[in-house]
Structures are given as structure tokens and as C-alpha cells.
Amino acid sequence: MKQMQIIVLVKQVPDTTEVRLDPKTGNLIREGVKSIVNPDDRNAVEAAVSLKEKYGAKITVLSMGPPQAIDAVSEALGMGADKGILLSDRAFAGADTWATSGTLGKAIKKLGDFDLIIAGRQAIDGDTAQIGPQVAEYLDVTQATYVCGIDEVRPDAIVVKRRLEDGIERLELRLPALLTVVGELNRPRYPFVGRLLDACREKAPIEVWNAADLGFKTADVGLEGSLTHVVRTFSPKSKRQSEMLEGSARDAAASLIGKILNKKLLRETV
Amino acid sequence: MIRSNAEELLRSNIGRFVDSELIPKAQEIDARGEFPMEMFKKIGDMGVFGIRYPKNKGGSGGNTTLFCIICEEIARGLMSMGAITAMQCLMGTNFLFHYGTDEMRERYFLPAMKGEKVACFCLTEPEAGSDLGNVSTIARKTADGYVINGMKTWVTNGPVADFYTVLCQTDPEKKFRGLNFFFIPRQTPGVSVSKPFDLLGTRTTLISELAFSDVKIPHHHMLGAEGLGMDNLLSILSEIRTMTAALAVGLQRAALEDSIRYAHERAQFGKTIANYQLIQAKIANMAVNLEASRLMTYKAAKMIDNKIQCLKEASMAKYFATEGACKAGDEVTRIFGAYGYSMEYSAQRYYRDNRFLLYGGGTHEILQPNIAKWVGL
Ligand SMILES: Cc1cc2nc3c(=O)[nH]c(=O)nc-3n(C[C@H](O)[C@H](O)[C@H](O)COP(=O)(O)OP(=O)(O)OC[C@H]3O[C@@H](n4cnc5c(N)ncnc54)[C@H](O)[C@@H]3O)c2cc1C
Ligand SMILES: Cc1cc2nc3c(=O)[nH]c(=O)nc-3n(C[C@H](O)[C@H](O)[C@H](O)COP(=O)(O)OP(=O)(O)OC[C@H]3O[C@@H](n4cnc5c(N)ncnc54)[C@H](O)[C@@H]3O)c2cc1C
């Protein structure tokens, strides 16, 4: 069996669930917020490294993002990935999921043959869970989303478990295939210090590709290459009216029940 | 070329480990008062212990600055874990690494790097604390090696260590020139270990006495050229002091962060105590001490990395950062009110654990006259 080629998609995200949006552009404001590796993507790297330990594999991590996203790539190398590619170019900025998956897909084509692509299920900032499936479509490979277990890998197939709302589905996929994985799949290891430091050195096996390296024109990628544009972003306003009920506890309770019945929140059955 | 900054990346990753693995368990580990083997192994698995040693020799290829970052982060979570880590990275393995044979390195150093063997360092004796010239553990040279007799005390990790780096006197006439380090595996006949001491702080760092009675070791177990024991010790003294300063910075950070959080949470007289100027003054002083300690510590660390002589800077950093940690441990227990006196919160631990920093690497009564001398007194 030839060495398995695994590609892992890793996104750097702001370390907060309360992302602020730029009211003008509708884009995320990333300045001043600490960046981390998207949590599901750590599980994706861990899955790849466990497969490497079990079956032997070469792992390439691929990330699209601003220059500082190099840290996500370095961390993945620290965990055991062999090679890193950062797609970074001002032209990539403002990409929607279509442009993002197209850019990642083209980079994967440039990388050549692969057996398996592993992505996180969802990014905690963009939150769409679309990138994995869209990359699979772009490359025309089989896919399984919400993977919570990897049972077996054979030269031509992989057997995985999928987390569904009301159960677990076991699937056999023909390779090459793409998986998106969920947190329960594994417990990601911490980077090995020696590998982490090596990833920071000049001679580290990390390459940075821009739009031209992928043969893209500016209009193909980023904001310009996106099919969707954010017209406006806003936080839904929840209208809250509060009313204080006066009087004794008994009076207040009676008044409260009356109001609940009035609003038809409960039905009177007596 | 785009590359990650090693110092920042290491800090964020060790910090993440400390936040998610160590801090949630710190109180429990401290209360149990046993050697934290599970945590020790986890830290070993990450390759932390090899931070000062080159990659091609079983290390992780870091330097003193990176070592200090690790010490600071781990001490922020639990001082005793920081102390154990520092022992394993520096004093406990340094002489074995530099002066041991390949066979000794293979059997002891490499497993120690992975957290499979525990190291320790034995200088102090009942009659030789600050005054190391008074070390009286004797290593008598014979035809096939050395015979060692004597007693060591205050040995961090003593009860659990697999091998010892021991300072012995080979010829009392020669005084300092007679002091040499020896490598003694625990299994060697004639070695006995006392029960762990009952300690005020860092309660999970086990400390004991060691007694050597006609312990026979081969010649090549002398670590370093004969007569150079004290010189070799001096060669890592700046690093020991800087590392201790880094541990102190870690404790200050923990105390400050907890203080700020608590000051925002606790309300009295209708306002959170963060509103009171006397609380603000404490927080401000803690923050200023922390900032200054940090600058002094990493200045010394960088000097070591750049091979610049810095015993003065390292001693100043150890002194200042440790005093800062003692003040922080004091203030945090005041800001917490009665809860600072409760074993349920970490504040009490910062108060007890800061004392650990006072003794090793030179007491402040030893450092101060030296600093005075170095600045021209
Ligand atoms: C309709 C729409 C319009 C948008 N418009 C804009 C816009 O105008 N400007 C803007 O900045 N953003 C925009 N976004 C957000 C942006 O498209 C997403 O952040 C990005 O495409 C990734 O999607 P996601 O974060 O939802 O990732 P998900 O699909 O949730 O991520 C799943 C997995 O895919 C992989 N992955 C995702 N992104 C990357 C990456 N960059 N590199 C490597 N792997 C990755 C990871 O493995 C991740 O775990 C838009 C999104 C939508 C749905
Ligand atoms: C938690 C902990 C862990 C330790 N771990 C180790 C270890 O792993 N290995 C090891 O070898 N040792 C270890 N030690 C021992 C430590 O190195 C000694 O405590 C230290 O060297 C001081 O010696 P002493 O305690 O005997 O104090 P002493 O030297 O007896 O000092 C007593 C007091 O007198 C002061 N003093 C002494 N000499 C002078 C002077 N010339 N001028 C002014 N004042 C002076 C001191 O500052 C102190 O206040 C540890 C100690 C502690 C508390």
C-alpha cells in the first residue's frame, strides 16, 4: 500500500464566541482579538495524526487566512503534521463560503493526489459548516459530515461513524473522500514542544501561496469572487417589556395567572 | 518569509495546557500532597523537559527564554508543578547531560526527557545550607571507583527520584576545589531515602533526606572534570536564579488575575470592591511589580541566551520577582477577605507557595550583599 496522503483543513478563528461585526462591511472585526485554531480543526488534525501513527501517512495542513494564520499551521505541525500550506493574499479577503471552498479546492488540486481530506465540522466564527461539503463538491469526492468515529481504513475505503440527531450512522466511503469531524471524535493532543519550535524556524516545511501561485485572478477570489455579499448585519433586537406586579404575594400570583391566561400561554381546564 | 514567533506560540500552547489541564486540577493535586505523576507524564509527553537541550540529543531545541516561559506558565497554574518541571529541565539533568557517558544518557537522561524517570539535585546538607563550602558528604577514591558516605537534605523529588546528582567532597583539604558532582542511581546499594517532609507550601513537591552509606560507584560517575564542581555549578547559577524569577512571575500573575476577578465579583456596601481605592492600590502595586519582575526576568534570560555574563541581573531578578510574589500572595489573601483564609480557594495557595521561592538559588540575605558588592559597594 502506498503511503496515505491526508490533507487537513485548518482555520484560525478569533478566541471568542462573541464576535463583533463591522457595522459598515458586515465582516468580522478580527483586530485585538486573540486568535486560536478552530476547535473542531484540532480534532481534524488529531484524527490525521492518529491515522498516521496507525497506518503511516503524510499529512499536509492547508489554511487560508491572513499572515498571522501561520500560527494555526505551525500548531498543526507541532501536533504531527508533516507539511503546511498557508494561502494568504490580500485578494483572498472577504471571501464567502463559495470563494473560500473554491480557493481551498484549487490549492488541493495543486497539491496533487490525496486519499483523505479532513476538515472540522464548523468554524466558531463563520459558523456555516459549508466549507467541508463545498470542497468535496468542488473536487468531486465522496464526503461524510459530522464524523464522530473512524473505525477502519483500507487502501480503497474508509469506515466512519456519523453523529446524527437521534443516533449514529456507520458508513463506508470510497477513497478519496472528505470528512468533517466533530469534537467527540477524539481528544486532541497538545503540540510537541520540539516540533512546535521547529515549525517556527525558517527551514520549516511551510509554504505560503498567494492568488497568483494558484493561477487565480483577483476577480476570482475573495470579495470579488464571492457569489454572496453581506448587505447588512445586525443583532436581532429582542423587545423586552417588564412590568412589576404590586401587592401581596397572593395578589401578585393571582394577577400573574390572569396575565398568563390572557396571553393564551396556558389554557384554563377547569 | 512568514513564520510563527516561537516565544508567543510556545506561551499560548503551554498556557492553554495550564488553563485546561492543570488549573482545574491544581487544588486537588495540592490537597493530595503526593507526587503528581499523571501531570508529570503529561508534561513530559509534550517534550517540555527537553526545552534546554538540543534536538539531536533528545531535547526540544529551545533556550533559556523559552524555558522561562514554560516555568512561568506552569507556575501560574501550580507552583509545585513549576518547581518539579524546573528541576527536571535544569538542575536534575544538566550535569548528567553534559558530563555523563552515552550509556548513562541513554538509560537515564532520555527517559527523563520523556517524563519516564524523575531527576533531583542534592547540594544541601544538615550543616551546609547557604554555606556549600561546608559540604561533608565524602567521595573516597578507590581503585575501581568512589565510595560515598554522608547525608543530603531538602532534596526536591528525593522520595520519587530515579537518580541523583550529588555534590560531594573528594578532599576536604582542597576546600571548594575538592567539591565534585557524582551521579548516583537510586538502586545503588547503600542509598536510603527518608519519609517526605511535612511542608508549608508546594505540598505536592516531595522533599526528603538521602543517606549514603558506603555507596560504591564507578569512576566515570564523577560528572565533570575533577576539581571543577563549583565552577560547573556557577555556570548554571544565573539560569537557576532566572528560572526562579520566572516561577515568581507566574505566581504573581495568578494572584493578580484572581484578585481582579474577585474584586469585580464581590460586592459590599452596594458596590463591587473594585470600586474602592484601597483595593485599586493593591491591584496597581501588584501589576507594577509583575511588569517590573517580568522585564527583569526576561532581560536576564535573553542575556543567558546571548551568552552574556549576567549573575548580577539574574540575582536582581530572582530577588525582586520573589519579593513581588510574596507581596502578591499577601495582597490576594487580603482582597479575598475571609475566603483568602479558606482552603477552598487558590488564594491561600499563592500565600503559602510563594515561600518556596525564597530559599533555593540563594536566599535574599545572601543575594543582597552580593548585589551591593556588584554595584560598587
Ligand atoms: C452568505 C455568506 C456570505 C459571507 N460573506 C462574507 C464576506 O463578505 N466577508 C467575509 O469575511 N466573510 C464572509 N462570510 C464568511 C466566510 O465565508 C467564512 O468565514 C468562510 O468561508 C469559512 O466558512 P465558515 O467560517 O462558516 O467555516 P465552516 O464551513 O463552518 O468551516 C468548516 C471547516 O472548514 C474548514 N475551513 C473553513 N474555512 C477555512 C479556511 N479559511 N482555511 C482552511 N480551512 C477552512 C475548517 O476545517 C473548518 O472547520 C460569508 C459567509 C456566508 C455564509
Ligand atoms: C522547598 C525547598 C526545596 C529545596 N530543594 C532543594 C534541592 O532540591 N536540593 C538542595 O540541595 N537543596 C534544596 N533546598 C535547600 C535550599 O537550597 C536551602 O534551604 C538554602 O540553600 C538555604 O540553606 P538553609 O535553609 O540551610 O539556610 P541557612 O543557610 O542556614 O540560613 C539561615 C538564615 O541565615 C541567613 N544567612 C545564611 N548565611 C548568611 C550570610 N552569610 N549572611 C546573611 N545571612 C545569612 C539565611 O539567609 C537565612 O535567613 C530546598 C529548600 C526548600 C525550602
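Relevant structure appears above.
A. Seen up close, the site of ligand 2. All names here are of chain B. Near ligand 2 there are 16 residues, and of these T124, S130, W154, T363 and E365 occur at the shortest range. In the environment of ligand 2, an oxygen atom lies 2.6 Å from a nitrogen or oxygen atom belonging to the side chain of T363. At a separation of 2.7 Å, an oxygen atom of ligand 2 approaches a polar side-chain atom of E365. Protein coverage of the free-state accessible area of ligand 2, which is 970 Å², stands at 61%. Of all the secondary-structure elements, those providing two or more residues to the shell around ligand 2 are strand 1 (119-122), strand 3 (145-156), helix 12 (356-359) and helix 13 (364-374). Broken down by element, the residue count for the shell around ligand 2 peaks at 3 residues, all from strand 3. When its residues are assigned to classes, the shell around ligand 2 shows 10 nonpolar, 5 polar and 1 charged.

B. Representation of the packing of aromatic side chains within the structure. Going through the model one piece at a time under the given rule, you end up with 19 aromatic pairs over all chains. Both rings, one in Y53(B) and one in F109(B), keep their centres 4.9 Å apart while their planes meet at 85°; by these two values the pair is edge-to-face. Of this pair, Y53(B) sits in the loop between helix 2 (37-45) and helix 3 (64-77) while F109(B) sits in helix 6 (residues 102-113), and the two are 56 residues apart along the sequence. Summarising the burial analysis for this pair, Y53(B) and F109(B) share the class buried. Taking the centre distance of 5.6 Å and the plane angle of 70° together, the rings of Y108(B) and F163(B) count as edge-to-face. Of this pair, Y108(B) sits in helix 6 while F163(B) sits in strand 4 (residues 163-169), and the two are 55 residues apart along the sequence. Judged by relative accessible area, Y108(B) falls into the buried class, the value being 8%. Grouping aromatic residues by their ring pairs yields a cluster made of F95(B), Y99(B), F121(B) and F181(B). The ring of F216(A) has K106(A) sitting right over it, with the charged end atom 4.5 Å from the ring centre.

C. A look at the site of ligand 1. Residues and elements named next belong to chain A. In the vicinity of ligand 1, 30 residues are found, and the nearest of them are K11, D41, A123, T128 and A129. The contact in question runs from an oxygen atom of ligand 1 to an N or O atom on the backbone of D127, over 3.3 Å. At 2.9 Å, a backbone N or O of Q130 approaches an oxygen atom of ligand 1. Relative to its unbound accessible area of 940 Å², ligand 1 is 86% covered by the protein chains. For the shell around ligand 1, the secondary-structure elements that each account for two or more residues are strand 4 (57-64), helix 3 (97-111) and strand 6 (116-120). Split by residue class, the shell around ligand 1 holds 12 nonpolar, 12 polar and 6 charged.

What counts and how
- Residues numbered from 1 in each chain as written.
- Chains lettered and ligands numbered in written order.
- Predicted model: local features only at pLDDT ≥ 70, side-chain atom pairs only at ≥ 80, totals over all residues.
- Heavy atoms only, no water.
- Near = heavy atom within 4 Å.
- Polar contact = N/O pair within 3.5 Å; in protein donor to acceptor, adjacent residues only side chain to side chain.
- Areas by Shrake-Rupley, 256 points an atom, 1.4 Å probe, with all protein chains shown as cover.
- Helix = DSSP H or I, 4+ residues; strand = E, 2+ residues; numbered from the N terminus.
- Nonpolar A, V, L, I, M, F, W, Y, C, P; charged D, E, K, R; others polar.
- Phe/Tyr/Trp six-rings, centres within 6.5 Å; stacked < 30°, edge-to-face > 60°.
- Buried < 20%, exposed > 50% of the residue type's maximum accessible area, 1.4 Å probe, protein only.
- Lys NZ or Arg CZ within 6 Å of the ring centre and 35° of its normal.

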